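Next come the chains, spelled out residue by residue.
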Amino acid sequence: MKMEIGKTYLVKKDIFDLKKYELWTLVDKGYQTYFGERNFVFVNDEKAKVFAVLKDGTEEDMSIYHHLDDYFKEVAHENF
């Protein structure tokens, strides 16, 4: 799954500090080559932010990264 900035996602399984059934919008993402980290920044309707980091050197993190569709579902935010 390719997550896009500005899109809203329904959390399907607890991950990071995000809980199942919450809605979060991806506001920033990036990759730090030097550290081998994939970074995500989510914000909810209350303007709370969650920063998530997945490290290339961690098998568990890479499993999550390659199966993001197990954790998130893109939704049309105006439907909620």
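Predicted model only: the values in this text are computed from it and were never measured.

Undergrad: I'm lost on the pairing of strand E4 (residues 49-55) in this one. Help?
TA: When a strand is regular, its side chains alternate between the sheet's two faces. Burial along E4 is one-sided: Val50, Ala52 and Leu54 are buried, and none of Lys49, Phe51, Val53 and Lys55, which face the opposite way, are. Pairing of strand E3 (residues 37-43) with E4 involves seven bridges; the strand directions are antiparallel. Counterpart to arginine 38 in the pairing with E4 is leucine 54.

Undergrad: I would appreciate a short explanation of the sheet that holds strand E1 (residues 8-11) in the present structure.
TA: Two pairing modes exist for strands in a sheet, parallel and antiparallel, and in both the strands are linked by backbone hydrogen bonds. Taken in spatial order, the five strands of this open sheet run E4-E3-E2-E1-E5, and their pairing is antiparallel. Each edge of the open sheet is held by one strand with a lone partner, namely E4 and strand E5 (72-75). Here the average twist between neighbouring strands, direction ignored, is 40°. Pairing analysis gives four bridges linking E1 to E5, with the strands arranged antiparallel. Bridging from a neighbouring strand, valine 11 pairs with phenylalanine 72 of E5. Along the sheet, helix H1 (residues 59-66) makes contact with E3 and E4, crossing E4 at roughly 115°.

Undergrad: What am I meant to see in H1 here?
TA: Two residues of an α-helix separated by three or four positions point the same way, owing to the 3.6 residues in each turn. Asp61, Met62 and Ile64 are the residues of H1 that are buried. In a view along the axis of H1, the buried residues occupy a sector of 155°, so they form one face of it. Seen from the buried face of H1, the exposed residues on the opposite side, beyond 90 degrees, are Glu59, Glu60 and His66. Where H1 is buried, its residues contact E3 and E4.

Undergrad: Looking at this model, I keep getting lost on the packing of aromatic side chains. Mind explaining?
TA: The geometry of an aromatic ring pair comes down to the distance between the two centres and the angle between the two planes. Considering all chains together, one arrives at four aromatic pairs under this definition. With centroids separated by 5.0 Å and ring planes inclined at 90°, the aromatic side chains of tyrosine 34 and phenylalanine 35 adopt a geometry described as edge-to-face. Residue class for tyrosine 34 comes out exposed when judged on its relative accessible area of 76%. Here the aromatic cluster, defined as three or more aromatic residues joined through ring pairs, consists of Tyr9, Phe40, Phe42 and Phe72. A cation over a ring is seen here: lysine 13 above tyrosine 71, with NZ or CZ 5.3 Å from the ring centre. Note that arginine 38 overlies the ring of tyrosine 65, its terminal NZ or CZ placed 4.3 Å from the centroid.

Undergrad: Looking at this structure, how should I read the nonpolar core?
TA: Across soluble globular proteins, you tend to see nonpolar side chains buried next to one another. By size, the foremost hydrophobic cluster in this structure holds 17 residues, and its most contacted members are Met3, Ile15, Leu18, Phe40, Phe42 and Phe72. At the level of secondary structure, the elements contributing two or more residues to this core comprise E1, strand E2 (23-32), E3, E4 and H1. For this core, the element with the most residues is E4, which contributes three residues.

The rules behind each value
- Residues numbered from 1 in each chain as written.
- Predicted model: local features only at pLDDT ≥ 70, side-chain atom pairs only at ≥ 80, totals over all residues.
- Heavy atoms only, no water.
- Buried < 20%, exposed > 50% of the residue type's maximum accessible area, 1.4 Å probe, protein only.
- Helix = DSSP H or I, 4+ residues; strand = E, 2+ residues; numbered from the N terminus.
- Pairing = 2+ DSSP bridges.
- Axes fitted to C-alpha atoms, helices over the stretch in contact; angles between N-to-C directions.
- Contact = heavy atoms within 4.5 Å.
- Arc of directions from axis to C-beta.
- Phe/Tyr/Trp six-rings, centres within 6.5 Å; stacked < 30°, edge-to-face > 60°.
- Lys NZ or Arg CZ within 6 Å of the ring centre and 35° of its normal.
- Core = buried A, V, L, I, M, F, W, Y, C linked by side-chain atoms within 4.5 Å.

Geometric values such as these leave the question of function open.
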